[in-house]
Each structure stands twice: as structure tokens, then as C-alpha cells.
Amino acid sequence: MGSVTGAVLKTLLLLSTHNWNRVEAGNSYDCDDPLVSALPQASFSSSSELSSSHGPGFARLNRRDGAGGWSPLVSNKYQWLQIDLGERMEVTAVATQGGYGSSNWVTSYLLMFSDSGWNWKQYRQEDSIWGFSGNANADSVVYYRLQPSIKARFLRFLPLEWNPKGRIGMRIEVFGCAYRSEVVDLDGKSSLLYRFDQKSLSPIKDIISLKFKTMQSDGILLHREGPNGDHITLQLRRGRLFLLINSGEAKLPTTSTLVNLTLGSLLDDQHWHSVLIQRLGKQVNFTVDEHRHHFHAQGEFNFVNLDYEISFGGIPAPGKSVSFPHRNFHGCLENLYYNGVDIIDLAKQQKPQIIAMGNVSFSCSQPQSMPVTFLSSRSYLALPDFSGEEEVSATFQFRTWNKAGLLLFSELQLVSGSILLFLSDGKLKLNLYQPGKLPSDITAGVGLNDGQWHSVSLSAKKNHLSVAVDGQLASAAPPLGPEQIYSDGTYYFGGCPDKSFGSKCKSPLGGFQGCMRLISIGGRVVDLISVQQGSLGNFSDLQIDSCGISDTTWTIIQHNGSDLTRVRNTNPENPYAGFFEYVASMEQLQATINRAEHCEQEFTYYCKKSRLVNKQDGTPLSWWVGRTNETQTYWGGSSPDLQKCTCGLEGNCIDSQYYCNCDADRNEWTNDTGLLSYKEHLPVTKIVITDTGRLHSEAAYKLGPLLCRGDRSFWNSASFDTEASYLHFPTFHGELSADVSFFFKTTASSGVFLENLGITDFIRIELRSPTVVTFSFDVGNGPFEISVQSPTHFNDNQWHHVRIERNMKEASLQVDQLTRKTQPAPADGHVLLQLNSQLFVGGTATRQRGFLGCIRSLQLNGMTLDLEERAQVTPEVQPGCRGHCSSYGKLCRNGGKCRERPIGFFCDCTFSAYTGPFCSNEISAYFGSGSSVIYNFQENYLLSKNSSSHAASFHGDMKLSREMIKFSFRTTRTPSLLLFVSSFYKEYLSVIIAKNGDLQIRYKLNRYQEPDVVNFDVKNMADGQLHHVVIHREEGVVFIEIDNNTRRQVHLSSGTEFSAVKSLVLGRILEHSDVDQETALAGAQGFTGCLSAVQLSHVAPLKAALHPSHPDPVTVTGHVTESSCVAQPGTDATSRERTHLFADHSGTIDDKEPLANAIKSDSAVIGGLIAVVIFILLCITAIAVRIYQQKRLYKRSEAKRSENVDSAEAVLKSELNIQKAVSENQKEYFF
């Protein structure tokens, strides 16, 4: 009887949510109309256009008007094509083409969307696959189905990569339908109160759905409470959503009857976010956007005594009292439904059930705030000082997860010096530097790297220097003096350009990564659109009009032991035991942990003469217990087999004899703190302490909440190798309702995905033909079928999503975003679907018509089946899927290899000259005068045979009969050496720019012959423009391509093999080489300019130098800085260089020629007494500066170390500030 009652309750839940599913789907029925073809010309816009015939209005799919598509003036990553759909529409698919009859097409792109044409948001597929693969030629059409669909008015296509032999070219179409919704705008003081008929409601059930968008990080979205303290509250706090459900008279926040669920992050981004709350007795489903938290409550939770009214946007009812801080919601709500009732529609009709309080309007205002994202540590925004005021004044807002980075730099005029505003350890620091004076510092704020928006106001003028953070004015620094204060004309936000271009900007802690908005200088707001168009200021590596910072979503489960607990007077005979009780049951905790990709808990253990282990016999003196009820003696930061603490792993314990700080047994406070992340042992349920019984012995501990992220079920999959293979599970109990969803991919034309039989009843889902998916069932009066037919084949080895629903009213089937098909339930059929056999997945009971392919993320009534675990013990079924790369491998670019993972894939960029998640970020470097990068393939010929590095394939006596060389460059100097490959047999390859600006490739593959010379004299290659070079040799035949259009094939006379390759040199040749005169002259001069994406077969020397993943035989000499060679529109060749100072790397730096002294080597060539004297003076100056810097660094380090040592005991004694926040979440940036 109990199971039937439970089934009935679940059915009530599903029936109540059926209307919500329709609302959430918008108008997804037949929602595939082309939306672009009928738009007027004014609906198209772009960043630029190559000519009037390449304008954005010619970007319609399959059209040949104008030049046959849109092409921008310059092909770079800052270009975009924008569509205004006229009103908010639901977009379900996009399609792209290249430019008609041209070599212009885009191979990958991003898709952005917006309601207002401002503040764009990036569309992401499957929460991680963020790029779209584009076209491989000009005329074929590539379609993408959007899951989920987009509801927006504006779309923007951002090309990432394009045909290297052409330029950016696009024609596009988007598909969808009109989107209708009810909207209400609340101003932070207004709210809606809904009073309903008590006869129509159940005390054990609530279904609430809505969408919201806001720029405020805090606010009440809904609240309903009862007379005894019972309540249900949905509250936005610091950009996260909290669902609070309290039953009984217990007060917040410590009670076992309190449910506190948290989802989402950075939800104050002025974009729409969807929310669904389903409560049925003890079962709670909480969904925010695509993230769901399922909760089963403990205790007497199934009944919540609530009043018959609910408020939205605030808590306006007089006489109500709440025990937690709150403020009203300020923003927009859309499609607000409470148990199937359209609340906004009732309010618009002024129905008596609705009371509108304050200023309520039924259209959503669009505050215009244009953010800018600093994508990397080399990003910066340089803006002129157009105020003309006698002061340095700037205001802005920022948000970031990083602890350190430059926010603002300005050089001072008249008063010599500079002002630096930067983050350090999450605090804002204002530094005034004046020659001859000690630096002045102001520190303001704390924990500013929390992902929230923070406002900053800086003012420096005569006799005054101040900074305010979030409206709080920090203490003023000493006066600057009586002089008037002027900026030198430029404000640098977020970072600095390379110093080689004359900028005095400095960034001691590196560049800022995060977002800024509302930037103003001298009281005048900066027009970022003008910056984007190149008419104001200068920038590098920015994303304007979008905040691209993102946070990993965590599930947080609290317990009763989050406060600091002190322990004294214990021994092995009288131990202390502390227990942790969680707000979820152990079964719910286990399900959450098993489903998550990663879980962790921070454990902090403070100690004073309290050991973790007895050093005499190794007996543990303190330990903890997890959900397996096993004793664990490893601590935070370690794994079970190591039995260490964090300091033991890092090798920095206060006593090197021990692996934990506490085991040093010192009479002073210290701690062992770290993250416990071995999922099988989490959560921590108990701690035992036995060593605090001696004089002055004491311990204290604090355990953070259980944090889990990721969803293993999304990639949980199985591969079916034969038609007779299948997985079996217990009978599916879908008596009154069934909700089944999964992904599949196959090359087979048919097969059964799932089947469960009864005596006469059954349920089956199958691929009936290459284009048809069928759901069939029988509830006692014969079989019924629902089929979805696709215009394209399902057996295309790509992922497809299937979802079926069946309840007492109807059954439905949806595949991908195709039209949802429904079938009313038979009037004379049985109410219950009665099944009794095992559930077969991937096959049938008859072992016929089985499925060949892969199934993943199979969910039945919200529960995920562990396909991988069952597949491990089932013949002819393999755990996991091997085909992720067949679906997503094309996202790996520039020689990156797609590698399968058990839960997904990744792009291996090991043998690529690029980096990034898809091997699409070029690695470039600016070379100063006299600098070089040398990649040594072998130290000497005899020792090369045992090498195992990347260069091993060149080692020993191997004959190199072919190679592929690619690189890009930009310079204005002649002669220049671009690339030089040498061998131990005096054979070489040199790529140089001759004195007259010609590009020359010189091959010498026979030491006794003169080199073969290939000369390109079509233009001056030292023109400051970016040029691309490809050299492909197959024995004696060389194919050369310059700038994707000039091609030549030559036959070498000097030989066909490269013997015993020694090294690859970029820049100046430092050692004497037996080379021809032109190469020698260029080698002595070296290279000054920018080199990018340099690759010789599988060796990438710039990557080895700037982004080492392991020790490489690379030597860097002179001034080499990481840079972007891409030219910006509207700037000259020199100013277009974007650089970031080359920092530490694991390659070898030549001791004889350190980076700081690169120019000295050139000066020494001049010779003479004057040069020697100058050299000595420079050395003395450098040494003095270095000693001064080391002293300052030592003093700061000592002060910081002393402060840290003292603080541990002070914190414990005062019991203030001890509850340090849980260690930083792993933040992600998606760009």
C-alpha cells in the first residue's frame, strides 16, 4: 500500500509540473521557422566590413547578394556579426556558411545573446562545450541544434578561427519562433502578495516556477510562512540562490528540520535565470538553470504549517517577523507560476487575490551597464586622461576570483612618481611611489576576490590622496606636496603593455583577470563602444560588453560542527570524540557524493603540544571517521596511502623530521589544514583526539561543509558491442508516472534502447529506423505508439537526446529539439502500468533487435542508473564511450589531439604550438635587440641515443628526410634572422629577411655544397605587418607558402636529408657557425619584433620557453616577452604589439647573458675603454639595485612570516576571525 501511495504522490507532483514544462519550453512546438531571411537590412550590424559589398546585410544563408556574405575589414578575434530579431524570440538552431564562391569561411565561432544589445552572454553547450565548429568550405551549411534553446532579441556571432588561406566570411540563419511571456518589474521596494483559497492547496505539496534577472546580488524572490515559524523562502544572497524550508518551531539557522539548499553563482549578471521548486512531502527538487539538487529531508518534514498567502519580491505582510536579514528583490520576474496559477497575469488583471505593493510595472527595464572582461594576465586597457583637471581621479567597479593583479596605474607629472592601485591577497592597495621618498601605501577592503562587484574611487590631488572601496573611505596617505597633480596623459587599467614601447607602467603582481564596469576618469564615463571600435584608447586581450567570469557550481551541505571547538585534558584512556550531524540523511549524502565528479571538506586542526601521531611507535593519537565507519589517520591535503599532512606533501613542515606540523610537539600554536577529497571516505562524521592531557597541551578543530561539484551522471555511459548485448536492472516502477531521459549515438539503423515487460503491459523505446525514434507502451488494452521523425538521420554517430513522459493524462516523446509528440491516455485503460520483469537497457528479453552504440546519462524518474558499474560485470558491454572525440574532436585545433576520458574528452596540445582548452591560443613572443631562444635537440651526438624527450626523434644517427615548419612574424628591421636549424654535420636551414626586405629560405643539406636559396621579392617583408610562413620539405622537394597566397615549389640540389639536427635558434645566433655570409649577417643582427606559433614538426620552441610543462632543453637570452602579434585596428605597427613580461620558466637561462643585461652584449662588441667603463658602472648600479631589492624583499618576507606565526595564537586566544571561509572554490574562466 505504501508504494502505491508514494506512486500517487509522485504522480500528483508530475501532473502539477506538466504545465510548467509547457511554459518553460516556450513555443517549442514547431519552433523551427527561419528568422533571419525576412529581416530588414537595418537588423544586421557588425564590427567592421571589408567593403560596402561585404556588409553584414549580405550575411543571409544561401544568398549571393553583394560579395556573397559578410567579411570584416580585418580578420582577428575582435570581429563580430550581429542580428536584431526585433523582439525576444526563442532560437532553437543556428546555421552557417562561408562567403559565396570565395576562400572566406569561419572554422569555429562563439555565439552570444542579449535582450538589449548590451551586456552579452555567451551560449554554452552541455555546460562545458562552448565553441561551435564552423565550415570547411564556402558553400556547405553547418547546422547546430541549441540545447537548451535561447530566448533573446539579439544574437552575435564571434569568429574564433577561419580558413588560413582566406579571411573571415559568414552567411548565417537562425531558426525558432515567437516567445511570449508575462513579465513584472520590481524596484527593490515593491512586491506582490498572493492570497489563495485554502481548499485548493495541499500542505505537503508546492510547485513554483519562475525566471528572474537582476543586477543586485541580494533579494527575496518569494516567501511563505506560518504561525509557528514554518516557512519556505527563496532568497538571493551574494549572487547565489538559497532555498530555505523550515518546519516546526525551531529558530534559524541550527535545526535538523531546516533545509538549506544552495545553487547557482553570479546570478546578478542581468541575464535570465530559471528556477523550479518541487516539494512533495519529504522530497524536494530544486533546479536553477540546468543544475538540479534533489533532497530527501529527515524527521517530521512532510508537513509544513503555512498561511494561505505567499509574497514575491519581498516580505511585505505586516506583523510578520523573520529571523534572518533580508532585502527586497530589485529586478524582473517572468512566467511566475505557483501551483499552476499564473501570478503575473492575475496581477495585470488586478484580480482581488493579488495585492501589488509599491511601484510594480509589467515591462522589464534594461539598465545599460557595459562590462569588460580582462581575459588573461597580459590584458590591459589604456585610456587617455580627457578630464584636464589638476588631479588624478578615477572610479570603476570590478569583480574577480583572483587574489592579486593590477587594477590601475598612472604616471604623475610635475610631481615625479606614479600611482599604483592593485589587489594583493584579496585586499586593495594604493601605492604612491616618488623618487627619493619611501613608498606610501593605503590598504582597504578584505576578501575582494569573492566574485562580487566592488566599487573603487581614487582621488589624488594637491595635498590629498585617498581611495574608497564600496563606499568606505580608507585612511588618507601623507600629502603629496604643494604642487599641482597631473596624470601623464594615460590611465592603464588591468595591466601594462610591454616596456619596450616606452610605457612606464609597472605591475608588480601581474595583470588583473576578471571584469570591470562603470569606468570613469575625471568624472566622465568612458565610452567602451568607442574603445571597441578603436577610436578611443588602446587595449589587448579584452572582451568588451560581456563579463566572461564564471564560477563552478557547488552543492553545499552543512552540519552542526562548523564552529571552532577547543579540546583539553584528554589522553588515550579518556579520549575526546566529536560527532558531526548533517542536514541530509546518510543515504542522501551518499547519493550526492556518488553522483558528483569531485567532493571536498576543509579540515583545520590547531595544536599546541598536541600530536597527531606518537613518534616512538607510530600509533595515531588523533583520527577521524568517515561514512564507511573506518578510522582514517591521513589529514587535509593528503591521500589515504600517504598518511601525511599538507606540509609533508609540500616539504615545508616546521620540523623537517615530521610530515605534519603538529607532530613537532611545540609549545606554540600551529596548525595542519587542508582539503579532504577522497570521496569514498567523505563526509567526516567523527573526530577523536587523545593528546591534550599534558601541561599547556591544547587542540582545536573546525570542519567545513561538504562541498560537491560536477555531475558524473552526465558522462556515465556504456557501449553495446553486439545486438545480443544488454544491461539489466531491477523492475522500473512507473505505475502512475514515468519520466525517462538519455543520450544516444550510433551508426546502426535500428535497435531497442530500453524495454521493461509485464504480463500484458510493457514499455519500450527504440530506434525504429535511421530517422525515427518510437516510444511504445501498453496499459492493458493494446499497444500505443508515439514516433518522432527527423529530416536528418539519427545514426550519424553524434549525440542525440531522448525524453519520454507518461502519466494518467497523456504520454509524450521528444528527441533533440524536434517537435514534441503527445498521445492522450486511453479512456478505458488501466490506471497503473504493471511491470514485473527486469529492466533491459540496450537490448530486449529475447536478445534480438538490440542496440549497437552508446547510451549515456540514463535517468528514470529523476534517478540516474549507473551504466558504467553494471557494464564492468556484463559481457559484450563496455563501460564508458569511446566516441566523444568523434563528436567533439573537431574542436581541437592546430594539431591538438582529442583524447578520450572516462567522463568526456580533452584536447592534448602537447605537440601543438598553441595552448588553451582547444589548442587555439597562439603562443607569441616579442624579441628585443640581441635576444634569442635556443632549443637544443641534443647535447652531443654520442649521448643522444638514450634521450626520451620530445627531441628524441631527431637524436642519434637518424636521417631527417622531411619536416614541416610553421610560424608567423612581424618586424621592421633588416637584416633579420627569423629561424635557424643547425646540425653537427654543418648542415643548416636559415630563414632570413635580407637587407632589401626580401624573405629568403636557405637550405644546406650537404656540407660540401653551397646552400639552395629560395628568394621571395614580391614585397618588403619588414613592413611591420603580420606575415605567415609555411615550409614543408619532402626529401629534395620543398613547398613554401607565404601569407596564405604566395606559393612556390622548389627542388633542392644540396641534398635530401638533414643529419643529426643539433638546435633550433630564434633570434640572434650566439655561437660561431660555419654558414654563408647572408645568414651570418642576419644571425649577428638577430631579430627584433614578434614571433608567433613557431613549430618544427612536433617541437614548439616558444611554448617550451614560455609555457613549459616539463624540463625542456631550451635557453632564453636577452629580452624575450610573451606577446600577442595580432594587429589591432586603428593602430600603427609598433603600438599594436601587445606584450606581457616573460616570467619564470623551467627552461635554462644563460648565466652569462641574463635577461636584464641583453643589451650589454651588444655594447661590448663596440669595444674600447669607454664601453668598458660604462659596462662596469652599469654592473655596479645593477648590483646595488639588486641588493636594495633583496633587502626590501627580505624585510617584507620576515615581517609577513612573523605576522603569520603570531597570528595563529592570537586568533585562537581571542576567538575572533577564526572562522575563516572555506578554501577558495576552483574558479573557471570560459573564453
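All of these numbers come straight from a predicted model, not from anything done at the bench.

**Here's the deal with the environment of Asn163**
- Looking at the element boundaries, Asn163 is found in the loop between strand 7 (142–162) and strand 8 (171–178).
- With 57 residues separating them along the chain, Asn163 and Val106 place their C-alpha atoms 6.3 Å apart.

**A closer look at the side chain of Glu1122**
- With respect to the secondary-structure elements, Glu1122 resides in strand 83 (residues 1120–1124).
- Exposure remark for Glu1122: the relative accessible area of 13% places this residue in the buried category.
- Within the structure, the side chain of Glu1122 is placed 2.9 Å from the side chain of Arg378, a separation counted as a polar contact.
- Here His1107 takes part through its side chain, which lies 3.1 Å from a polar atom of the side chain of Glu1122.

**Observations concerning the pattern of salt bridges**
- Considering all chains together, one arrives at 36 salt bridges under this definition.
- The partner of Glu90 in a salt bridge is Lys151, with the nearest N and O atoms 4.0 Å apart. Of this pair, Glu90 sits in strand 3 (residues 81–97) while Lys151 sits in strand 7, placing them 61 residues apart in sequence.
- For Glu90, a relative accessible area of 1% gives the class buried.
- Where Arg171 meets Asp139, a salt bridge forms, and the shortest distance between an N and an O atom there is 3.2 Å. In this pair, Arg171 is assigned in strand 8 and Asp139 in the loop between strand 6 (132–133) and strand 7, connecting sequence segments 32 residues apart.
- Assessed through its relative accessible area of 1%, Arg171 is described here as buried.

**A short note on the sheet that holds strand 51 (residues 727–729)**
- An order of 51-60-53-54-55-56 is seen for the six strands of this open sheet, with the pairing classed as antiparallel. Pairing within the sheet leaves two strands with one partner each, and these edge strands are strand 51 and strand 56 (783–789). Each adjacent strand pair in this sheet contributes to an overall mean axis angle of 15°, direction not counted.
- Across seven bridges, the pairing between strand 54 (residues 762–769) and strand 55 (residues 772–778) is antiparallel. Bridge pairing in strand 55 links Glu766 to Thr774.

**Digging into the pairing of strand 17 (residues 283–288)**
- Here strand 17 lies mainly inside the structure; five of its six residues are buried.
- In the sheet, strand 16 (residues 273–280) pairs with strand 17 via six bridges, with the strands oriented antiparallel. Among the inter-strand pairings, Val275 is bridged to a residue of strand 17, identified as Val288.

**Examining helix 8 (residues 1077–1085)**
- Within helix 8, the full set of buried residues consists of Thr1079, Ala1082 and Gly1083. Angularly, the buried residues of helix 8 cover 100° about the axis, an arc narrow enough to put them on a single face.
- In this structure, the buried residues of helix 8 make contact with strand 72 (976–983), strand 73 (988–993) and strand 74 (999–1004).
- Following helix 8 by one or two positions, Gly1086 has its phi on the positive side, about 80°.

**Some thoughts on the sheet that holds strand 47 (residues 686–689)**
- Taken in spatial order, the four strands make up an open sheet running 42-47-44-45, and their pairing is antiparallel. Whereas interior strands pair on both sides, the edge strands pair on one side only; in this sheet they are strand 42 (576–579) and strand 45 (631–632).
- As defined by bridge partners, strand 44 (residues 622–625) adjoins strand 45 across two bridges and the pair is classed as antiparallel. The residue of strand 45 that forms the bridge with Trp624 is Gln632.

**Considerations on the nonpolar core**
- Among the nonpolar cores identified, the biggest contains 47 residues, and Phe967, Leu979, Leu999 and Ile1001 are the most heavily contacted of them.
- Take this core: its biggest share by element is four residues, from helix 9 (residues 1101–1106).
- Formed by 42 residues, the second largest nonpolar core is a distinct cluster that contains Ala394, Leu412, Leu421 and Leu448.

**Quick look at the state of the cysteines**
- With the rule as written, the count across this model stands at 11 disulfides.
- Here Cys31 pairs with Cys177 through a disulfide, and the sulfurs are 2.0 Å apart. Every disulfide takes its handedness from the sign of the S-S torsion; for Cys31 and Cys177 that torsion is -95°, giving left-handed. One end of the pair, Cys31, is in the loop between helix 1 (2–24) and strand 1 (33–34); the other, Cys177, is in strand 8, with 146 residues separating them in the sequence. Each member of the pair Cys31 and Cys177 is classed as buried.
- There is a disulfide in this structure between Cys599 and Cys708, and the S-S distance comes to 2.0 Å. Because the torsion about its S-S bond is 110°, the bridge between Cys599 and Cys708 counts as right-handed.

**Details of the environment of Lys679**
- Secondary-structure assignment places Lys679 in the loop between strand 46 (670–676) and strand 47.
- Given the relative accessible area of 15%, Lys679 is considered buried.
- When the C-alpha atoms of Lys679 and Gly626 are compared, they prove to be 9.7 Å apart, with 53 residues separating the residues in sequence.
- Beyond its immediate chain neighbours, meaning those up to four positions away, Lys679 contacts Ile593, Asn594, Ala596, Glu597, His598, Cys599, Arg627 and Arg712.

**Brief notes about the confidence of the model for the protein chain**
- When pLDDT is averaged along the protein chain, the result is 79; 79% of the residues meet or exceed 70.
- Note on residues 1–28: pLDDT under 50 across the span, and 46 contacts to partners over four residues away in sequence or across chains.
- Below pLDDT 50 for its whole length, residues 939–957 participates in 33 contacts with residues either more than four positions away or in separate chains.

**What about the packing of aromatic side chains?**
- Taken as a whole and judged by the stated rule, the model has 33 aromatic pairs.
- Considering the side-chain rings of Tyr605 and Trp635, the 5.7 Å spacing of their centres and the 50° angle between planes classify their relative orientation as tilted. On the criterion of sequence distance, the pair formed by Tyr605 in strand 43 (residues 598–608) and Trp635 in the loop between strand 45 and helix 5 (646–650) is long-range, its members being 30 residues apart. As far as the burial class goes, Tyr605 and Trp635 line up, both buried.
- Consider the rings of Phe980 and Tyr988, whose centres lie 5.7 Å apart with planes at 35°: the pair is tilted. As far as burial versus exposure is concerned, Phe980 and Tyr988 are alike and both buried.
- Connected via pairs of aromatic rings, a cluster forms that spans Tyr576, Phe580, Phe603, Tyr605, Trp635 and Tyr701.
- Sitting above the plane of the Phe743 ring, Arg856 keeps its charged end 4.4 Å from the centroid.
- Arg856 extends its terminal NZ or CZ atom over the ring of Trp799, reaching a point 4.4 Å from the ring centre.

Rules used in this analysis
Residues numbered from 1 in each chain as written. Predicted model: local features only at pLDDT ≥ 70, side-chain atom pairs only at ≥ 80, totals over all residues. Heavy atoms only, no water. Helix = DSSP H or I, 4+ residues; strand = E, 2+ residues; numbered from the N terminus. Buried < 20%, exposed > 50% of the residue type's maximum accessible area, 1.4 Å probe, protein only. Polar contact = N/O pair within 3.5 Å; in protein donor to acceptor, adjacent residues only side chain to side chain. Salt bridge = Lys/Arg side-chain N within 4 Å of Asp/Glu carboxyl O. Pairing = 2+ DSSP bridges. Axes fitted to C-alpha atoms, helices over the stretch in contact; angles between N-to-C directions. Arc of directions from axis to C-beta. Contact = heavy atoms within 4.5 Å. Core = buried A, V, L, I, M, F, W, Y, C linked by side-chain atoms within 4.5 Å. Disulfide = S-S within 2.5 Å. pLDDT = per-residue confidence, 0-100. Phe/Tyr/Trp six-rings, centres within 6.5 Å; stacked < 30°, edge-to-face > 60°. Lys NZ or Arg CZ within 6 Å of the ring centre and 35° of its normal.

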